Amino acid sequence: QVQLVESGGGLVQAGGSLRLSCAASGRTVSGYAMGWFRQAPGKEREFVAAVSRSGGSTDYADSVKGRFTISRDDAKNTVYLQMNILKPEDTAVYYCAAKVATLSSGPSVTGYNYWGQGTQVTVSS
């Protein structure tokens, strides 16, 4: 079983940037497809970005395409979410997730097995 811990959240002005990190322990993250999700107050959790187990493919929600970038560093057992041109509507708790996957499978929007505790991102207007 893999444990996930997010960090890097905070308060930023609209137009600013943040980089979230997701550190894995217990098992190497290289065995998993990874994703980021978010949940705003009063809303359901939604998909943000995903990277395949190989790191060769990524997928993004339409709302963040061109602004957010997901990446993974298996040597550091860490996954990142670079968030640029932040908007007030990006305010949410951001969660990292891991999905058991084959090396040939692509990024996933659903079916994640393990979740972190989340990190708060607040974007002021």
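Rules used throughout
- Residues numbered from 1 in each chain as written.
- Predicted model: local features only at pLDDT ≥ 70, side-chain atom pairs only at ≥ 80, totals over all residues.
- Heavy atoms only, no water.
- Helix = DSSP H or I, 4+ residues; strand = E, 2+ residues; numbered from the N terminus.
- Rg over C-alpha atoms; globule rule 2.2 N^0.38 Å.
- Contact = heavy atoms within 4.5 Å.
- Areas by Shrake-Rupley, 256 points an atom, 1.4 Å probe, with all protein chains shown as cover.
- Lys, Arg positive; Asp, Glu negative; His and termini not counted.
- Charge placed at Lys NZ, Arg CZ, Asp CG, Glu CD.
- Buried < 20%, exposed > 50% of the residue type's maximum accessible area, 1.4 Å probe, protein only.
- Pairing = 2+ DSSP bridges.
- Axes fitted to C-alpha atoms, helices over the stretch in contact; angles between N-to-C directions.

**Here we look at the overall build of the protein chain**
Okay, so step 1: For the protein chain, the count of helices and strands is zero helices and 11 strands.
Okay, so step 2: Taken from the N to the C terminus, the helices and strands of the protein chain come in the order β-β-β-β-β-β-β-β-β-β-β.
Okay, so step 3: In terms of overall dimensions, the protein chain is globule-like: its C-alpha atoms have a radius of gyration of 13 Å, near the 14 Å expected for 125 residues.
Okay, so step 4: With the C-alpha coordinates aligned to their principal axes, the bounding extent of the protein chain is approximately 40 × 25 × 25 Å.
Okay, so step 5: Put simply, of all contacts in the protein chain between residues at least 6 apart along the chain, 61% involve residues at least 24 apart.
Okay, so step 6: A total of about 6100 Å² of accessible surface is found on the protein chain, and carbon and sulfur atoms cover 47% of it.
Okay, so step 7: Computing the positive centroid from 12 side-chain charges and the negative centroid from 9, the protein chain places the two 4 Å apart.

**Regarding unusual backbone geometry**
Okay, so step 1: Look at asparagine 77: it is not a glycine, yet its phi comes out positive at around 55°.
Okay, so step 2: Inspection of the secondary structure assignment puts asparagine 77 in the loop between β7 (68-73) and β8 (78-83).
Okay, so step 3: The class of asparagine 77 is buried, set by a relative accessible area of 17%.
Okay, so step 4: Although it is not a glycine, isoleucine 85 sits at a positive phi angle of roughly 45°.
Okay, so step 5: For isoleucine 85, the position within the fold is in the loop between β8 and β9 (92-100).

**Notes on the sheet that holds strand β3 (residues 18-25)**
Okay, so step 1: Within the open sheet, the four strands sit side by side as β1-β3-β8-β7. Their pairing is antiparallel. On the outer flanks of this sheet lie β1 (3-7) and β7, each paired with one strand and no other. Mean inter-strand twist for the sheet, computed between neighbouring axes without regard to direction, equals 15°.
Okay, so step 2: As paired elements, β7 and β8 share six bridges and run antiparallel to each other.

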